[in-house]
Amino acid sequence: MSTTTHRTGTSESATTARPVSRGWLAAAGVVAGAGAVALSEATAWALRSDTSPVGAVAAVVRDATPGALAELLIGLVGSADKPLLLGGTVVLLLAVCGYAASWARRAPLVPDLVFLALAAVGFAAVMSRPAPGTAAALALVVGVMTWVVTLRLLTGPVLDDRPEGRSGEQEGRRRFLKRAGLVVGVVAVLTVAGRAAGGVRRGVEQSRRLLRLPVTPGEVPVRAELGVEGIAPWRTPNEEFYLIHTALASPAIRPEDWSLRIHGMVDREVRITYQDLIERRLTEAWVTLCCVSNPVGGDLVGNAHWSGVPVRELLAEAGVRDGADAVLQTSQDGWTCGTPLDALTDDRDALLAVAMNGKPLPVDHGFPVRMVVPGLYGYVSATKWLVDLEVTRFDEVAAYWTERGWSERGPVKTMSRVDVPQGGSDVEAGSVVVGGVAWAQHTGIAKVEVQVDGGPWAEATLGGSENDDTWVQWRLRVDVEPGEHEAVVRATDKSGYTQTAARADVVPDGATGWDSTSFRAR
Ligand SMILES: Nc1nc2c(c(=O)[nH]1)N[C@H]1C(S)=C(S)[C@@H](COP(=O)(O)O)O[C@H]1N2
Ligand SMILES: [Mo]
């Protein structure tokens, strides 16, 4: 009984009497902050070569610096501006981390809240850069987790109640230094690993840049562009082309390591290397690709000039056996889809594509080889990082999205979209141009009609196109009085089908319904 009383007394006096070393807490914050930044950068580096949270913040700082000041600074430091900018950003970050951690005893929540705020700034910075991607978001999550764990690990010995006096102090310091050493070691190993993984990606980017393929960017057909500002450009630039894939990090495949196997219900198995493929006669075609998950009015659709080898030629060499009706495609990262055999063997431009708009496929769009099939949604046809084609039967196929409730067949549904006037915008009363895009790949768009404020349907002017596999732009001049207005659009394809007004969700086989825009005329 007396022992218990004694212990309690000691511990209370230690808590109140021992002076708290804010310096040690700040040191813990700097080490934890450095660890968090390093692992966050290493994650971004390993997953993607072009996004870095610190780099993004530095870029925002750069863009926000008034031009004259920036010039003055660059004049002062010359070409050292970039390292200085990055270094300055890191120093500032660590200073904030140290200061925040020095509050760990008096206000234990402050360090974590401050770090979360820093991460939020990083997130905003990353999102403001072109092509942000999930990798950067994941990198920030890794950073926050590293901070939370290492800060507790390091402040533990400093915050621990222990007997007052020199020996207690020394013991705390010893434990702090031991743990700091451990943190630095683990972070260093993981950072090196991250950089090594990133190095592979950079190697692939490098070989991609050095490739010289006999391909062209294609010529945009005359009158494809109707010259209306705000309508999506007829050719979607590679950097703006939507991205959909299940892979967390895009597979990094060197062309010399790539090969495609064609097997299953065939007379002879075919294996083809990248070199074999690009030495064949390459076919080029404009094809609009769209995602089954694209909602009415959505932008998961893009048009590009693709170069590649018609897959029907390779299937013919393999010799497709009777009874087959499907091809199971597999990517290097294990994603699969089932494609109707006839879409790959009829006369359409179903390509094993190696280039997009005249450039080797971007890594995120499937480098070195992907499939593109006009008329089918991407989830049943457009395999990126393609490595395997198995000729088979639909009743034997289990593919990634069909196992998750999406339809086995995915022909593209006829669709139209209004791009201008933008929803919620103000325009001048009088003559107003309504415009957008419409697509019905491999069937073709026959006409697009617009209805303003429930009035009669009026036929829009269509832009040119080269084939029925791409979208078309459309435009219509309408007269509007001052006030609120709504314009609705619907397309009719060359089979005579007019888009239904009935709204269907994207699951299981693509959205239906009419797109519309509401705007105000002054
Ligand atoms: N390997 C792989 N290929 C894939 C996918 C994927 O998740 N993994 N997604 C598909 C889907 S759903 C679509 S819509 C298209 C998108 O192609 P893009 O990212 O080049 O626009 O790729 C298809 N190919
Ligand atoms: Mo998709």
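Going by the structure above, here's the rest.
A few points on the structure. (Residues numbered from 1 in each chain as written. Chains lettered and ligands numbered in written order. Predicted model: local features only at pLDDT ≥ 70, side-chain atom pairs only at ≥ 80, totals over all residues. Heavy atoms only, no water.)

**Focus: the overall build of the protein chain**
- Within the protein chain, the regular secondary structure consists of 11 helices and 19 strands.
- Here the C-alpha radius of gyration of the protein chain, 30 Å, is well above what a compact globule of 522 residues would show, namely 24 Å.
- The C-alpha extent of the protein chain, read off along each of the three principal axes, is 95 × 70 × 60 Å.
- Per-residue burial for the protein chain yields a buried fraction of 48% across its 522 residues.
- In the protein chain, the proportion of contacts linking residues at least 24 apart, taken out of those at least 6 apart, comes to 75%. (Helix = DSSP H or I, 4+ residues; strand = E, 2+ residues; numbered from the N terminus. Rg over C-alpha atoms; globule rule 2.2 N^0.38 Å. Buried < 20%, exposed > 50% of the residue type's maximum accessible area, 1.4 Å probe, protein only. Contact = heavy atoms within 4.5 Å.)

**Brief notes about the site of ligand 1**
- For ligand 1, the set of nearby residues contains 19 residues, the closest of which are Tyr 242, Thr 246, His 365, Arg 370 and Lys 384.
- Within the backbone of Ile 244, one N or O atom sits 3.0 Å away from an oxygen atom of ligand 1.
- In this structure, an oxygen atom belonging to ligand 1 sits 2.9 Å away from a main-chain N or O atom of Thr 246.
- Burial of ligand 1 by the protein chains amounts to 99% of its free accessible area of 530 Å². (Near = heavy atom within 4 Å. Polar contact = N/O pair within 3.5 Å; in protein donor to acceptor, adjacent residues only side chain to side chain. Areas by Shrake-Rupley, 256 points an atom, 1.4 Å probe, with all protein chains shown as cover.)

**Considerations on the pattern of salt bridges**
- Per the stated rule, a full pass over the model turns up 18 salt bridges.
- Two residues, Asp 388 and Arg 261, come together in a salt bridge whose shortest N-O distance is 3.9 Å. Remark: Arg 261 occurs in strand 1 (residues 259-264) and Asp 388 occurs in strand 10 (residues 386-392); sequence separation between them is 127 residues.
- Look at Arg 261 and you get partly exposed, because its relative accessible area is 26%. (Salt bridge = Lys/Arg side-chain N within 4 Å of Asp/Glu carboxyl O.)

**Observations concerning the sheet that holds strand 13 (residues 430-439)**
- Spatially, 4 strands are ordered 11-13-17-16 in an open sheet, and the strand pairing comes out antiparallel. Each end of this open sheet is capped by a strand with a single partner; those strands are strand 11 (415-420) and strand 16 (461-462). (Pairing = 2+ DSSP bridges.)

**Describing the sheet that holds strand 18 (residues 483-493)**
- As summarised here, the arrangement of the 5 strands in space is 12-19-18-14-15, forming an open sheet in which the pairing is mixed. At either end of the open sheet lies a strand with only one pairing partner, and these are strand 12 (426-427) and strand 15 (457-459).
- Pairing of strand 14 (residues 445-452) with strand 18 involves 7 bridges; the strand directions are antiparallel. Its bridge partner being in strand 18, Glu 449 is matched across the sheet by Arg 490.

**Observations concerning the state of the cysteines**
- Here the structure, examined in full by the defined rule, presents 0 disulfides.
- Cysteine Cys 290 remains unbridged, with the sulfur of Cys 291 as its closest cysteine sulfur at 7.8 Å. (Disulfide = S-S within 2.5 Å.)

**Here we look at the packing of helix 2 (residues 22-47) against helix 3 (residues 53-64)**
- The contact between helix 2 and helix 3 brings their axes to 8 Å, and the two run at 95°. By the angle between their axes, helix 2 is roughly perpendicular relative to helix 3. Residues Val 37, Ser 40, Glu 41 and Ala 44 of helix 2 pack against Pro 53, Val 54 and Gly 55 of helix 3.
- Taken together, the residues of the contact of helix 2 with helix 3 break down into 4 nonpolar, 2 polar and 1 charged. (Axes fitted to C-alpha atoms, helices over the stretch in contact; angles between N-to-C directions. Parallel < 35°, antiparallel > 145°, perpendicular 65-115°, else oblique. Nonpolar A, V, L, I, M, F, W, Y, C, P; charged D, E, K, R; others polar.)

**With respect to empty space enclosed by the protein**
- Tallying each qualifying case throughout the model produces 2 cavities of 30 Å³ or more.
- The volume enclosed by the second largest cavity comes to roughly 70 Å³.
- Every residue along the wall of the second largest cavity is listed here: Cys 290, Cys 291, Val 292, Asn 294, Pro 295, Tyr 377, Val 412, Lys 413, Met 415, Trp 439, Gly 510 and Ala 511.
- Broken down by class, the residue content of the lining of the second largest cavity amounts to 9 nonpolar, 2 polar and 1 charged. (1 Å grid on protein atoms, 1.4 Å probe; cavity = no way out; pocket = protein on both sides within 12 Å on 5 of 7 lines; lining within 4 Å. Points joined across faces, edges and corners; volume = space filled by probe spheres on them.)

**Details of the environment of Arg 105**
- Tracing the backbone through its elements, the reader meets Arg 105 in the loop between helix 5 (81-101) and helix 6 (110-127).
- Overall, the relative accessible area of 25% leaves Arg 105 in the partly exposed class.
- Once the C-alpha coordinates of Arg 105 and Gly 444 are considered, the two residues, 339 residues apart in sequence, prove to be 69 Å apart.

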